[in-house]
Amino acid sequence: MNSAIQAIAEPRRREILLLVRDAELSVGEIASHFEVSRPAISQHLRVLRDAGLVTQRKAGTRRLYQVRPEGLEEVRAYLDQFWADHLLRLKKAAEQEARRETLHASDRT
């Protein structure tokens, strides 16, 4: 999980993940979205691949990259713990507010 978090800490790598989320793209296709060199994009892709976040497939002389969703599952599970706690607190607050509104409404009648 730590390597995945370190990999996505870099904003350009997060942008790359979004680009290859729905389709396989070559290094050149990915690099065309950035103002950096292809070798720089290749380095970012290597970090993402080593972290298990993208797959690489050879097609002739090209290398195609696509996101590997299961690579983010451990990170997501970790972050979901915080989200679930937050949602539970939000639910309790909404229920308390609804009870208060019900009490105030019954006081007015």
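All values derive from a computational prediction rather than experimental measurement.

Trainee: Honestly, the layout of surface pockets in this entry has me stumped. Any pointers?
Mentor: Looking at the largest pocket, its volume works out to about 180 Å³. Taken together, Ile8, Arg14, Leu17, Leu18, Arg21, Val67 and Leu72 form the lining of the largest pocket. If one sorts the elements of the lining of the largest pocket by residue count, helix H2 (residues 11–19) sits on top with three residues. Each residue belonging to the lining of the largest pocket can be placed in one class, and the counts come to five nonpolar, no polar and two charged.

Trainee: Explain the sheet that holds strand S3 (residues 62–67) here, please?
Mentor: Each strand in a sheet pairs with its neighbour through backbone hydrogen bonds, running either in the same direction (parallel) or in the opposite one (antiparallel). With antiparallel pairing, the three strands of this open sheet are ordered in space as S1-S3-S2. Each end of this open sheet is capped by a strand with a single partner; those strands are strand S1 (25–26) and strand S2 (54–59). Judged from the six bridges that link them, S2 and S3 form a sheet pairing that is antiparallel. Paired with Gln56 across the two strands is Tyr65, which belongs to S3. Most of the contacts of helix H4 (residues 38–50) go to S2, to which it runs at about 115°, and overall it touches S2 and S3.

About the thresholds
Residues numbered from 1 in each chain as written. Predicted model: local features only at pLDDT ≥ 70, side-chain atom pairs only at ≥ 80, totals over all residues. Heavy atoms only, no water. 1 Å grid on protein atoms, 1.4 Å probe; cavity = no way out; pocket = protein on both sides within 12 Å on 5 of 7 lines; lining within 4 Å. Points joined across faces, edges and corners; volume = space filled by probe spheres on them. Helix = DSSP H or I, 4+ residues; strand = E, 2+ residues; numbered from the N terminus. Nonpolar A, V, L, I, M, F, W, Y, C, P; charged D, E, K, R; others polar. Pairing = 2+ DSSP bridges. Contact = heavy atoms within 4.5 Å. Axes fitted to C-alpha atoms, helices over the stretch in contact; angles between N-to-C directions.

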